Amino acid sequence: MERIPILKMGEFLLVTIQVDMHDRLALTLQDDLTAQIVKFRAHGVLIDISALEIVDSFIGRMLASIASMAHLLDAETVVVGMQPAVAITLVELGLPMKGIRTALDVEKGMIALRGAILAAEQDGDASGIR
Amino acid sequence: MPTANSKLLEVIEKREDQITGQWVEQQQTTGRKLTAAEREQANRQSREFVRALKSALQRNSGGDVSGPDWSGVREFLVDLSSRRAKDGYTPRETASFVFSLKLPLFSALKNEFGADPKAIADEVWLATLLIDELGLLTTEAFQKSREEVITRQQKELLELSTPVVRLWENILALPLIGTLDSARTQVVMQNLLEAIVQTRSDYAIIDITGVPVVDTLVAQHLLKTVAAARLMGADCLISGIRPQIAQTIIHLGVDLSDVTTKATLADAFELALRRSGHKVVGQEAASTNAAAR
Amino acid sequence: MRVVSAESMEIRVSDDVVLVRQAVRKKSIALGLGLVDQTKVVTASSELARNTLDYGGGGKALLELVENGTRSGLRVTFEDQGPGIPDIQLALTDGYTTGNGMGLGLSGAKRLSHEFELWSKPGEGTRVSILRWK
């Protein structure tokens, strides 16, 4: 069964979505990711969607779920590399994508994650598992 | 029908010069005032058309102008129409080239069949049907040409899209000039978003100082662009909002509370610099400090 | 309006949603749509294909290249024999959902298309048609 690979990058996890995802694959990804966050005590997740030419409400929901689950596990999420055509379409579609952090690429994503993690620590985030 | 139409050919052949001459005169009364050069051109075109008409009638007097025998006539009219469309003739002036042929034709038919009222009635009827068809063809061709000109101009306007300017390493500016229509705005916004990706910019400033009117559609496009840039991970600022524009936007009920706006491009630039951790320091202060050490 | 070409596809499993997306992408490229317009029509189709699968119990998609006078367009029609939509107005409101969805399928697809037609009868099925002109 195909799986989307999850790479460990220091304290972060990097997921690169390159295929046209169907439901099974999306659910498997969520399972794998949550398991890995716990296993490596990761504080940040980067989801690279620069290869995705289509983001519909299903994918949007999946990204939002991942961000929520990660947050519960005390990890911050950032979605990077959204293509302009996708961004324009998502705005038109009306998908709120609220609370989902975004960045132009992986490098900027990591800077954003470090900032977010710092802010969460300073906040004394009570919803974390720690 | 064929028999009656072949009489039309006869009449034209017999009285070609007379018909052409009257026709040219007729054109000048129904059309606009022509220069000498234009008059000469009209003369030439009229003679050529009558020749083409004769040739078509010789091959097929059935009068089906969409058939292959009439292609010469059709091509002539299409060519005439498009040239006149480009030269700024009105649709009426162009169509009347064909329609004004009726009077001289009918007058020639009357002279030929004067004694036979039924013959005149039949001939005139057939002639008018023919001229009407050709006139409509001319009008359609004129229309098509005009549309082609307009489409080309629109395309050129779009290509003159406002360029995106790189103000700093990670700060872009898009100075919009002129009236924005929906199509142009979409293209311009797409260009900005592409530029953000290519230059890896964190900030984009859309300056609307040069935009005289902002209507709902334009305002919505601006908002959509800001939202799209955000989704991509960049921040969009809008500058150059003049008092009148500010009023219009509020009256339109457009909600800009989520967007950072500044009165001038300079203010927006300064803000973007600050947000990206930069500070602008005067040179004098720097050199004084250096001297003091 | 005349139909220049038509292609029919079955929507039975979730992999079919991906296939529909790919087919719509191909057709929109053939039509000569720009990238953003392609993305809009493919995304709208994805939403509707998913609806057909999740709420309609499966069905089919019909992809048609159409012409109306001087303009050409791509029309995609989704049809199912599912339970139907009892309250169409409600279904077209943003955020409405009966399932786990964000309730954007129908209204979103409508926003992304130039023309939108919806027919549904409880107990009989649903047919949704979207059209994007070039």
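The structure contained in this document is the topic of the report that follows.

Conventions adopted
- Residues numbered from 1 in each chain as written.
- Chains lettered and ligands numbered in written order.
- Predicted model: local features only at pLDDT ≥ 70, side-chain atom pairs only at ≥ 80, totals over all residues.
- Helix = DSSP H or I, 4+ residues; strand = E, 2+ residues; numbered from the N terminus.
- Rg over C-alpha atoms; globule rule 2.2 N^0.38 Å.
- Buried ≥ 20, exposed ≤ 12 C-beta atoms within 10 Å, placed from the backbone.
- Contact = placed C-beta atoms within 7 Å.
- Nonpolar A, V, L, I, M, F, W, Y, C, P; charged D, E, K, R; others polar.
- Pairing = 2+ DSSP bridges.
- Axes fitted to C-alpha atoms, helices over the stretch in contact; angles between N-to-C directions.

1. So, the overall build of chain A
Next, step 1: When helices and strands are tallied, chain A shows 4 helices and 5 strands.
Next, step 2: Its helices and strands in sequence order give chain A the pattern β-β-α-β-α-β-α-β-α, from N to C terminus.
Next, step 3: A compact globule built from 130 residues should have a C-alpha radius of gyration of about 14 Å, and chain A, at 14 Å, falls within 12% of that.
Next, step 4: Projected onto the principal axes, the alpha-carbon positions of chain A cover approximately 35 × 35 × 25 Å.
Next, step 5: Looking at chain A as a whole, 42% of its 130 residues are labelled buried.
Next, step 6: Counting only contacts in chain A whose residues sit at least 6 apart along the sequence, the fraction spanning at least 24 positions is 77%.

2. A look at the interface of chain A and chain C
Next, step 1: Opposite the 19 residues of chain A that make contact, chain C presents 22 residues.
Next, step 2: Broken down by secondary-structure element, the contributors of at least two residues to the side of chain A that touches chain C are helix 1 (23-40), helix 2 (57-72) and helix 3 (84-93) of chain A.
Next, step 3: It is helix 3 of chain A that provides the largest number of residues to the side of chain A that touches chain C, a total of 6 residues.
Next, step 4: In the side of chain A that touches chain C, the residues fall into 7 nonpolar, 5 polar and 7 charged.

3. Some thoughts on the interface of chain A and chain B
Next, step 1: Listed by partner, the interface residues are 13 residues for chain A and 12 residues for chain B.
Next, step 2: Looking at the side of chain A that touches chain B, the elements that each hand over two or more residues are helix 3 and strand 5 (101-103) of chain A.
Next, step 3: It is helix 3 of chain A that provides the largest number of residues to the side of chain A that touches chain B, a total of 5 residues.
Next, step 4: By residue class, the composition of the side of chain A that touches chain B is 10 nonpolar, 1 polar and 2 charged.

4. Structural notes on the sheet that holds strand 4 (residues 235-239) of chain B
Residue and element names in this part refer to chain B.
Next, step 1: The 5 strands are arranged 1-2-3-4-5 in an open sheet whose pairing can be described as mixed. Each of the sheet's edge strands pairs with one partner strand only, and the pair in question is strand 1 (165-168) and strand 5 (260-262). When strand polarity is set aside, the average angle formed by the axes of neighbouring strands in this sheet is 30°.
Next, step 2: Note: strand 3 (residues 203-210) against strand 4, 5 bridges, orientation parallel. Along strand 4, the bridge assignment pairs I206 with I238.

Just geometry here; none of it tells us what the structure is for.
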